[in-house]
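Residue-level listing of the chains:
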Amino acid sequence: MTTLVFGHKSPDTDSTGSPIIWAWYLNEVKGGNAEAVLLGEPNTEAAFMLEKWDLPKPRIIEGVEAGQPVVIVDTNNPAELPDAVNDADIRAIIDHHKLVGGLETKGPIDIRIEPLACTATIMHKMIGDDMAQAPAWVKGAMLSCILSDTLEFRSPTTTQEDRAIAEALAADLGVEIPAYASEMFAAKSDVSAFSDADLLRMDSKEYEVGGKKFRVSVLETTSPETVLSRKDSLMETMPKVAEEDGVDQVLLFIVDILNEESTMLLPNDLTRQVAEKSFATVCGDGDTVVLPGVVSRKKQIIPNLAV
């Protein structure tokens, strides 16, 4: 039976590229039968990566059947996975996020979770000497994932291992990192085709703190003014998305990649309270607040959330 390899819902570059990388490894190196799949449409940066390296878009699935062999990458959070994921036969987990709990397996499995910026970095280490036989598109996907998750090494999640592996991959491929990262970020910044609800769900994770459930949404861009020009309609849509998704509030952070800061939208008193308690700031009466140096949801936003 084919093993399905997938990441989290609302797939970003890492959750699109890492399943492709690992399916190649399972098939071509380990002699298995694996297929990379997605749990939704890839974002614009991930779509750019697929086109850049001439990769077919993986099949999108709605769920998994009982007993289906799966490998989960770039998450270990059941809220970000198909509802019936525990009925599947989870064979392995490869991730770089905190351990959430809630997944159940049929037996002992391989788990690799490391405090690195990117799942693809972990995969590079796991593949080891067999990277010598990796085609250019595997290396290109790896490089894309690392540059995306590290914001071209700007994110505080970046480690020396992430940087060293990315630089080695770029040298091998003949890619200039600044130029390629600029192309990626430009693709990520083009959100003109998406509705406000799409933007609020595009790169988001559910998180509960102080008895409140939040959808924590991040939009990473080199053109924050493009998103902020839609501020009013986004704030009107936030309560609708929250109600539809069964959360108390959507928290939206617009990450300015180049200036290394975030702008948080403040549509109501709850979001203003969260901003002030979480980030030691004073919001006043404005409907936005700028958070200097805050660019990482994993390391700077979610760990600090308070109500």
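Look up a bit, the structure's there.
Described in the following lines is the structure provided in the data block. (Residues numbered from 1 in each chain as written. Predicted model: local features only at pLDDT ≥ 70, side-chain atom pairs only at ≥ 80, totals over all residues. Heavy atoms only, no water.)

**Focus: the layout of surface pockets**
Step number 1: Considered as a void within the structure, the largest pocket measures approximately 810 Å³ in volume.
Step number 2: Forming the walls of the largest pocket are 40 residues, and the residues nearest its centre are His 97, Lys 205, Arg 297, Lys 298 and Ile 302.
Step number 3: The space that makes up the second largest pocket amounts to roughly 590 Å³.
Step number 4: Lining the second largest pocket are 25 residues, with Lys 9, Ser 10, Pro 11, Leu 39 and Gly 40 sitting closest to its centre. (1 Å grid on protein atoms, 1.4 Å probe; cavity = no way out; pocket = protein on both sides within 12 Å on 5 of 7 lines; lining within 4 Å. Points joined across faces, edges and corners; volume = space filled by probe spheres on them.)

**Examining empty space enclosed by the protein**
Step number 1: Inspection of every chain in the model, using the stated rule, returns one cavity of 30 Å³ or more.
Step number 2: By volume, the largest cavity amounts to about 40 Å³.
Step number 3: Lining the largest cavity we find His 8, Lys 9, Ser 10, Asp 12, Met 202, Asp 203, Ser 204, Lys 205 and Arg 297.
Step number 4: Residues belonging to the lining of the largest cavity are distributed by class as follows: one nonpolar, three polar and five charged. (Nonpolar A, V, L, I, M, F, W, Y, C, P; charged D, E, K, R; others polar.)

**Regarding the sheet that holds strand S4 (residues 69-73)**
Step number 1: If you walk across this open sheet you meet the six strands as S3-S2-S1-S4-S5-S6, and the pairing is parallel. Sheet topology places strand S3 (59-60) and strand S6 (110-113) at the edges, where each strand pairs with a single neighbour.
Step number 2: Sheet analysis places strand S2 (residues 34-38) next to S3, joined by two bridges and oriented parallel. Pairing of Val 37 across the sheet is with Arg 59, part of S3.
Step number 3: Where helix H1 (residues 13-29) meets the sheet, it contacts strand S1 (3-6), S2, S4 and strand S5 (89-95), and its direction lies at approximately 175 degrees from that of S2.
Step number 4: Sitting on the sheet, helix H3 (residues 119-127) is in contact with S4, S5 and S6, with an inclination near 105 degrees to S5. (Pairing = 2+ DSSP bridges. Helix = DSSP H or I, 4+ residues; strand = E, 2+ residues; numbered from the N terminus. Contact = heavy atoms within 4.5 Å. Axes fitted to C-alpha atoms, helices over the stretch in contact; angles between N-to-C directions.)

**A word on the side chain of Gln 249**
Step number 1: Locating Gln 249 in the fold gives a position in strand S9 (residues 249-256).
Step number 2: By relative accessible area, Gln 249 is classed as buried at 6%.
Step number 3: A distance of 2.9 Å separates the side chain of Gln 249 from the side chain of Asn 268, its partner in a polar contact.
Step number 4: Contact partners of Gln 249, with chain neighbours within four places excluded, come to Lys 213, Phe 214, Arg 215, Met 238, Ala 242, Pro 267, Asn 268, Leu 270 and Thr 271. (Buried < 20%, exposed > 50% of the residue type's maximum accessible area, 1.4 Å probe, protein only. Polar contact = N/O pair within 3.5 Å; in protein donor to acceptor, adjacent residues only side chain to side chain.)

**Digging into the pattern of salt bridges**
Step number 1: Counting across every chain of the model gives 21 salt bridges.
Step number 2: Of the charged contacts, one joins Asp 245 and Arg 215 as a salt bridge, the two residues approaching to 2.8 Å between their closest N and O atoms. In this pair, Asp 245 is assigned in helix H9 (residues 231-245) and Arg 215 in strand S8 (residues 212-221), connecting sequence segments 30 residues apart.
Step number 3: Residue Arg 215 is classed as buried on the basis of its relative accessible area of 11%.
Step number 4: Notably, a salt bridge pairs Asp 269 with Arg 272, separated by 3.4 Å at the nearest N-O pair. Highlighted residues: Asp 269 and Arg 272, both in helix H10 (residues 269-279), separated by three residues, approximately one helical turn.
Step number 5: You can call Arg 272 buried: its relative accessible area is 18%. (Salt bridge = Lys/Arg side-chain N within 4 Å of Asp/Glu carboxyl O.)

**Some words on the nonpolar core**
Step number 1: In terms of nonpolar packing, the biggest core is built from 69 residues, with Trp 22, Phe 253 and Met 264 touching the most fellow members.
Step number 2: Beyond its immediate chain neighbours, meaning those up to four positions away, Met 264 contacts Leu 251, Leu 252, Phe 253, Thr 271, Val 274, Ala 275, Phe 279, Asp 287, Thr 288, Val 289 and Leu 291.
Step number 3: Grouped together as the second largest cluster of nonpolar side chains are 16 residues, Leu 199, Met 238, Ala 242 and Val 250 included. (Core = buried A, V, L, I, M, F, W, Y, C linked by side-chain atoms within 4.5 Å.)

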